[in-house]
Amino acid sequence: MELGKDRKMLVLQGGGALGAYQAGAYEALHQAGIRPEWVAGISIGGINAAIIAGSPPERRIENLRRFWDMAASGPSRLPFDLASQARKWMNEQSAAMSALTGVAGFYYPRAFMPWQFVTDPIARISLYDTSPLIETLETLVDFDLVNRRDVRLSLGAVNVATGNFAYFDNHDNKPITAHHVVASGALPPGFPPVEIDGELYWDGGLVSNTPLQWILDKRDIADDICVFQIDLFSARGDLPRDMSDVLAREKEIRYSSRTRHNTDEAARKARYEKALKRLLARLPKELHDDPDVHFLRNHDQQGAVTVVHLIYRRKPYETHMMDNEFSRLTMEEHWKAGFDDVRETLNCPSWTKRRIPDDGFVTIDHWRHQYGTAQPVPEQGA
């Protein structure tokens, strides 16, 4: 197959305020003329995914920017550079303020409305009210467009009663609403569960924070696909130096969902299947009608998969509160980091010289290939 003729998909991990990285990454993809036909997300990734799928192509960047400008607060730059420790303190204060007063267009503390604890049973099992997010999504997302299914949208959540992982998918012939998006990001105990069809749902990140496997399992099996996987937590990182680093590193490990391991396993499986196909082609004719051979031949008609993997790299001054730090300064940094990472990846030889993989699966992971697994990745801008 010719270069770049596979179907494009976008996978967005959960990660709160870090989600501005995904918005910047999408802007760079959009500028490069890449239009994903399937977007899957969890938590903040689900919100970004819904905005992308629910906006006309020419308004996607504008609507992503409107959401992140609404959520962010404070100045977009400082008149002077801060030392790392001072910036860490400033970020922690910003995150504490978000926890104390809420985030515009997103959530506010129930402590501001104590009567909710008496009148609403759901209020008793959450710290914040996410009804502002419902209103924001209904303003920014055209759900008629979402349900027209021009772009496939999948949102990961978990059933509170059963603990089972679930996906809300606009190809399941059930209308997607703002409530489905909010359910995908309803992380307890902060956010309340959301009722969908008589069942309560929490954030899908409680089970798995990355929806790559959903796309691999549910795609049209014979299609060649290219998945842009944009993650917000890195499974790899430096050893902690203080308790703040311990908490940040623990959160990265918990929510990274072993994404590089999972893509490595998917690649290994694809290579086994291609090896099986080559072996079947060499079987003697007398075995061609064997039932087991028929079964294996039917199983092996899978298209090739390319995964372009981008992962946000936490800066030294970012703490365990990084996913709740909505300052405008940090939001702009995250947005630029995503934009720059995609631009650099699309200009690296692994992308510019790529071909549909003959062995069924290839990962383009620019930072991993450039710096290896043992070397530290430099700060963005360095």
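Quick note: structure is the one above.
Residues numbered from 1 in each chain as written. Predicted model: local features only at pLDDT ≥ 70, side-chain atom pairs only at ≥ 80, totals over all residues. Heavy atoms only, no water.

Caption draft 1: Examining unusual backbone geometry more closely. With an omega of 0°, the peptide bond running from Pro188 to Pro189 counts as cis. The residue Pro189 is located in the loop between helix 8 (178–184) and strand 7 (194–196) in this model. Here the phi dihedral of Ser43 falls at roughly 60°; this positive angle occurs in a residue that is not glycine. Locating Ser43 in the fold gives a position in the loop between strand 2 (38–42) and helix 2 (44–53). A relative accessible area of 11% places Ser43 in the buried class. Despite not being glycine, Arg149 has its phi angle at roughly 70°, a positive value. Relative to the elements of secondary structure, Arg149 occurs in the loop between helix 7 (143–148) and strand 5 (152–159). (Helix = DSSP H or I, 4+ residues; strand = E, 2+ residues; numbered from the N terminus. Buried < 20%, exposed > 50% of the residue type's maximum accessible area, 1.4 Å probe, protein only.)

Caption draft 2: Inspection of the packing of helix 3 (residues 60–71) against helix 6 (residues 131–140) at higher detail. Two elements in contact, helix 3 and helix 6, have axes whose closest approach is 10 Å; the angle formed by their N-to-C orientations is 155°. Between helix 3 and helix 6, the crossing angle belongs to the class labelled roughly antiparallel. Regarding helix 3 and helix 6, the two cross each other, and that crossing is right-handed. Packed against helix 3, whose contacting residues are Asn63, Arg66, Phe67 and Met70, the element helix 6 presents Leu133, Thr136, Thr139 and Leu140 at the interface. Residues of the contact of helix 3 with helix 6, tallied by class, amount to four nonpolar, three polar and one charged. (Axes fitted to C-alpha atoms, helices over the stretch in contact; angles between N-to-C directions. Parallel < 35°, antiparallel > 145°, perpendicular 65-115°, else oblique. Left-handed = near helix turned anticlockwise from the far one by under 90°. Contact = heavy atoms within 4.5 Å. Nonpolar A, V, L, I, M, F, W, Y, C, P; charged D, E, K, R; others polar.)

Caption draft 3: Just the pattern of salt bridges, in detail. Evaluated as defined, the whole model comprises 21 salt bridges. Of the charged contacts in the structure, one is a salt bridge between Asp245 and Arg241, with a shortest N-O distance of 3.2 Å. Between Asp323 and Lys251 there is a salt bridge whose closest N-O contact spans 2.9 Å. Here Asp323 is found in the loop between strand 10 (305–311) and helix 13 (328–346), whereas its partner Lys251 is found in helix 10 (residues 243–255), with 72 residues between them in sequence. Just as Asp323 is buried, Lys251 falls in that class too. (Salt bridge = Lys/Arg side-chain N within 4 Å of Asp/Glu carboxyl O.)

Caption draft 4: Quick peek at the packing of aromatic side chains. Overall, the coordinates contain 15 aromatic pairs when judged by the stated rule. With centroids separated by 6.0 Å and ring planes inclined at 40°, the aromatic side chains of Phe106 and Phe191 adopt a geometry described as tilted. In this pair, Phe106 is assigned in the loop between helix 4 (84–101) and strand 3 (108–109) and Phe191 in the loop between helix 8 and strand 7, connecting sequence segments 85 residues apart. Each member of the pair, Phe106 as well as Phe191, is classed as buried. One aromatic cluster is present, built from ring pairs that chain together Phe67, Trp68, Phe106, Tyr107, Tyr128, Phe191 and Phe326. Its guanidinium or amino end placed over the ring of Trp335, Arg65 lies 3.9 Å from that ring's centre, counting from NZ or CZ. Above the plane of the ring of Trp38 lies Arg152, whose end atom (NZ or CZ) is 3.9 Å from the centre. (Phe/Tyr/Trp six-rings, centres within 6.5 Å; stacked < 30°, edge-to-face > 60°. Lys NZ or Arg CZ within 6 Å of the ring centre and 35° of its normal.)

Caption draft 5: Looking closely at the side chain of Lys8. Counting through the fold element by element, Lys8 comes out in strand 1 (residues 7–12). Of the residues examined, Lys8 reaches a relative accessible area of 12% and is grouped as buried. A polar atom in the side chain of Lys8 sits 3.0 Å from the backbone oxygen of Asp6. Apart from the residues lying within four places of it in its own chain, the contact partners of Lys8 are Ile34, Arg35, Pro36, Glu37, Trp38, Cys226, Phe228, Trp351 and Arg354. (Polar contact = N/O pair within 3.5 Å; in protein donor to acceptor, adjacent residues only side chain to side chain.)

Caption draft 6: Just the environment of Gly24, in detail. Mapping Gly24 onto the fold places it in helix 1 (residues 20–31). On the accessibility criterion, Gly24 (0% relative accessible area) is buried. C-alpha separation for the pair Gly24 and Ile61, spaced 37 residues apart in sequence, amounts to 8.8 Å.

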